[in-house]
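What follows is each chain in one-letter form.
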Amino acid sequence: MAHVMVPFTNGKGGVGKTALACSYAAARAQEGADVILADTNDEQRTALAWSAVRAHNAILPKVRVEAASPREALEMLGRCDILVVDTPGWTDRSTLQLARKSTFMVIPTGPNPTFELAETVKLLHGLSAEGIDLWRLGIVLSRFSAEEKIRSDEEALARAYLADAGYKALEGCIRNSPIYGSALAEGYGLTEVERGQGLAQEAQAAMHSISKGVSAAHQRIARMEREVAKDRDRGRDGGRGR
């Protein structure tokens, strides 16, 4: 898979965007992909700090993280198999630029209807209004309650809220567990936790859902590009026939 870009974005901070971006980059690197994670949050550089801790602790596979502006991130496309982009906790015109060039944009959301889900729906509406197809957008439920009964209720509410707005979240749900937080602080991804309540499996399921979305979008884009090339070739042949 070449020339694939997967930005992680949301206009609301604190929804686990960087944790998911780092974890997805690590998971794909574990599968053997050549991955670059572009950290475009110039106010925090959390992904860059995570990679430094990961390197210091000699955790494999190595994950290449580079500080970049959104424009510089776009220029990285084609330098690796998969370009993962961690964006700041706000949206602007660069969000739309990334969406237009992306293979699949991941939009994490927390469970709060007022402060998280509403902002997520606002972003989705905005991207859709700008012509971004919904099959190129993947909503991930993230930082939900660590307590199972509460998490189940939160997930049901969030999925219903999104459905009412015309959207569907990817399969899976990431809990707001302190075990995840400790693992990330040590340079691990969410799928690399070694203890506690099926958390690694939970994260693996979420990463698999993202990968399915990326793969389906990549295949669809490739088909569209082939059709455009065929139409162009037919046009040339027709021109020669006149």
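Residues numbered from 1 in each chain as written. Predicted model: local features only at pLDDT ≥ 70, side-chain atom pairs only at ≥ 80, totals over all residues. Heavy atoms only, no water.

Structural notes on the nonpolar core
Part 1: Core analysis: the biggest nonpolar cluster contains 38 residues, and Val6, Phe8, Tyr24, Leu37, Ile82, Val84 and Ile210 have the highest contact counts within it.
Part 2: For this core, the secondary structure elements donating two or more residues are strand S1 (4-8), helix H1 (17-30), strand S2 (35-39), helix H2 (46-56), strand S4 (82-86), helix H7 (178-185) and helix H8 (199-241).
Part 3: The contacts of tyrosine 24, once residues within four sequence positions are left out, are Val6, Phe8, Ile82, Val84, Met207, Ile210, Ser211 and Val214. (Core = buried A, V, L, I, M, F, W, Y, C linked by side-chain atoms within 4.5 Å. Buried < 20%, exposed > 50% of the residue type's maximum accessible area, 1.4 Å probe, protein only. Helix = DSSP H or I, 4+ residues; strand = E, 2+ residues; numbered from the N terminus. Contact = heavy atoms within 4.5 Å.)

Focus: helix H5 (residues 113-129)
Part 1: Buried within H5 we find Glu116, Leu117, Thr120, Val121, Leu123, Leu124 and Leu127. Along the long axis of H5, the arc covered by the buried residues comes to 155°, so they all point the same way. Across H5 from its buried face, at more than 90 degrees, point the exposed residues Thr114, Phe115, Lys122 and Ala129.
Part 2: The residue sitting at the N-terminus of H5 and contributing the capping side-chain oxygen is asparagine 112; that oxygen lies 2.9 Å from the backbone nitrogen of threonine 114.
Part 3: Following H5 by one or two positions, glycine 131 has its phi on the positive side, about 90°. (Arc of directions from axis to C-beta. Polar contact = N/O pair within 3.5 Å; in protein donor to acceptor, adjacent residues only side chain to side chain.)

Overview of the pattern of salt bridges
Part 1: Summed over the entire model, instances satisfying the criterion amount to 14 salt bridges.
Part 2: Here arginine 79 makes a salt bridge to glutamate 66, at a shortest N to O gap of 3.0 Å. Taken as a pair, arginine 79 in the loop between helix H3 (70-75) and S4 and glutamate 66 in strand S3 (residues 64-67) lie far apart in primary sequence, 13 residues in all.
Part 3: Here glutamate 202 and arginine 175 are joined by a salt bridge, their closest N and O atoms 2.6 Å apart. Remark: arginine 175 occurs in the loop between helix H6 (148-164) and H7 and glutamate 202 occurs in helix H8; sequence separation between them is 27 residues.
Part 4: The exposure class of glutamate 202 is buried, given its relative accessible area of 13%.
Part 5: Look at arginine 175 and you get buried, because its relative accessible area is 10%.
Part 6: Put simply, Glu148, Arg151, Glu155 and Arg159 are held in one network by salt bridges that share partners. (Salt bridge = Lys/Arg side-chain N within 4 Å of Asp/Glu carboxyl O.)

So, the packing of H1 against H2
Part 1: Put simply, H1 and H2 touch, their axes get as near as 10 Å, and they point 45° apart. Considering their axes alone, H1 and H2 lie oblique with respect to each other. The handedness of the crossing between H1 and H2 is right-handed. Facing Thr18, Cys22 and Ala26 of H1, the residues of H2 in contact are Thr46, Ala47, Trp50 and Arg54. (Axes fitted to C-alpha atoms, helices over the stretch in contact; angles between N-to-C directions. Parallel < 35°, antiparallel > 145°, perpendicular 65-115°, else oblique. Left-handed = near helix turned anticlockwise from the far one by under 90°.)

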